[in-house]
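Residue-level structure breakdown
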Amino acid sequence: MDSTPLVSVVTPAYEAERYIEETLRSVRDQTYENVEHVVMDGGSTDGTTEILASYEDEYDLTWYSEPDEGMYDAIETGFERASGEVLAWLNADDKYLPWAVRVAVDALADPGVEWVIGHPAKWDPEGTLSTVRPLRPYYRRAWIERGWYHGRGLGWMQQESMFWTSGLWERHGGFPDGVKLAGDYHLWRQFAAETAPVQLGTVVAGYRLHGDQLTAEIEDYYAEVPDAGPLLRALALFRVGELYSLYRGLVDRLRRDRDGREP
């Protein structure tokens with residue numbers, strides 16, 4: 001990978017005027033400069049396209065407003081039109097912290113690293129960083145591949161905090177036909193067929209809490225997620241995901257102490 005690879009951020013949008021300006025600004029204001037932002041609008045009739053047009057000259061923003069077959073179709077089309085060596089998808093109500101892309105690119109420069117994830121965090125409806133998960137999470141590849149990471153399992157994997165290489169997307173990207181809400185869940189399982197995400201160890205983005213998200217339709221979401229049965233329910237009950245993160249954190253700390261490095 002080039003030392004300053006182009007990073008392509010794809011944002012699907014529809015009737016997104018309430019929050020999209022904050023999303024645009026968060027991409028525009030990155031401390032890493034080589035970023036293109038591709039926004040796929042599904043034909044909004046509110047003020048979304050006017051907001052997009054007002055930012056065209058402020059940074060490397062390309063946007064399209066055209067009919068699509070839903071969010072995941074828009075994301076796939078956005079990645080087809082993107083040119084970056086590093087890819088990410090940021091929804092139109094979420095946003096990055098200014099160092100997000102820089103931290104991700106630095107981590108992806110390490111040999112063998114193709115997928116990274118930041119520390120889970122949430123924005124409130126007003127855009128204040130309101131929640132940061134106290135325990136640094138680690139994600140076990142075999143458990144991702146089995147589909148154990150979701151809200152009724154070992155916890156969510158936060159999509160807006162992820163970056164991955166274009167090569168990983170080319171080999172394992174795309175969403176299953178018919179999926180409307182749980183496409184991210186299936187995408188992580190596809191990625192995990194080859195690799196696991198490297199934890200960045202800092203907050204790079206957040207999920208905005210408000211009442212209009214598609215995932216507010218939670219039962220419809222879980223209709224698209226296979227039931228892993230009583231084993232997963234037992235693992236969730238005994239907080240195995242958190243115990244694994246504690247274990248990995250201790251191992252990493254011991255390695256740093258042994259090597260004489262600071263965290």
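See the structure printed just above.
Residues numbered from 1 in each chain as written. Predicted model: local features only at pLDDT ≥ 70, side-chain atom pairs only at ≥ 80, totals over all residues. Heavy atoms only, no water.

A few points about the side chain of E114
- Note that E114 resides in the loop between α4 (100-108) and β6 (115-117).
- A distance of 2.7 Å separates polar atoms of two side chains, one belonging to E114 and the other to T165.
- One polar contact links E114 to R171, side chain to side chain, over a distance of 2.5 Å.
- The contacts of E114, once residues within four sequence positions are left out, are L108, F163, W164, T165, G167, L168, R171 and E194. (Helix = DSSP H or I, 4+ residues; strand = E, 2+ residues; numbered from the N terminus. Polar contact = N/O pair within 3.5 Å; in protein donor to acceptor, adjacent residues only side chain to side chain. Contact = heavy atoms within 4.5 Å.)

Quick look at the pattern of salt bridges
- Inspection of every chain in the model, using the stated rule, returns nine salt bridges.
- Between K95 and E22 there is a salt bridge, and its shortest N-O distance comes to 2.9 Å. On the criterion of sequence distance, the pair formed by K95 in strand β5 (residues 95-96) and E22 in helix α1 (residues 20-28) is long-range, its members being 73 residues apart.
- Between R208 and E22 there is a salt bridge whose closest N-O contact spans 3.1 Å. One end of the pair, R208, is in strand β11 (residues 205-208); the other, E22, is in helix α1, and 186 residues separate them in sequence.
- By relative accessible area, which is 25% here, E22 ends up partly exposed.
- Members of the salt-bridge network, linked through shared partners, are E22, K95 and R208. (Salt bridge = Lys/Arg side-chain N within 4 Å of Asp/Glu carboxyl O. Buried < 20%, exposed > 50% of the residue type's maximum accessible area, 1.4 Å probe, protein only.)

Considerations on the sheet that holds strand β8 (residues 129-132)
- Read from one edge to the other, the open sheet built from four strands follows the order β5-β11-β7-β8, with strand pairing classed as mixed. Each edge of the sheet is formed by a strand with only one pairing partner; in this case those strands are β5 and β8. (Pairing = 2+ DSSP bridges.)

Notes on the environment of A104
- Summarising the element assignment, A104 is placed in helix α4.
- On the accessibility criterion, A104 (0% relative accessible area) is buried.
- In this structure the C-alpha to C-alpha distance between A104 and Q199, which are 95 residues apart in sequence, comes to 9.8 Å.
- For A104, the residues in contact, after removing those within four places along its chain, are V116, F163 and L200.

Coordinates in, geometry out; function isn't part of it.
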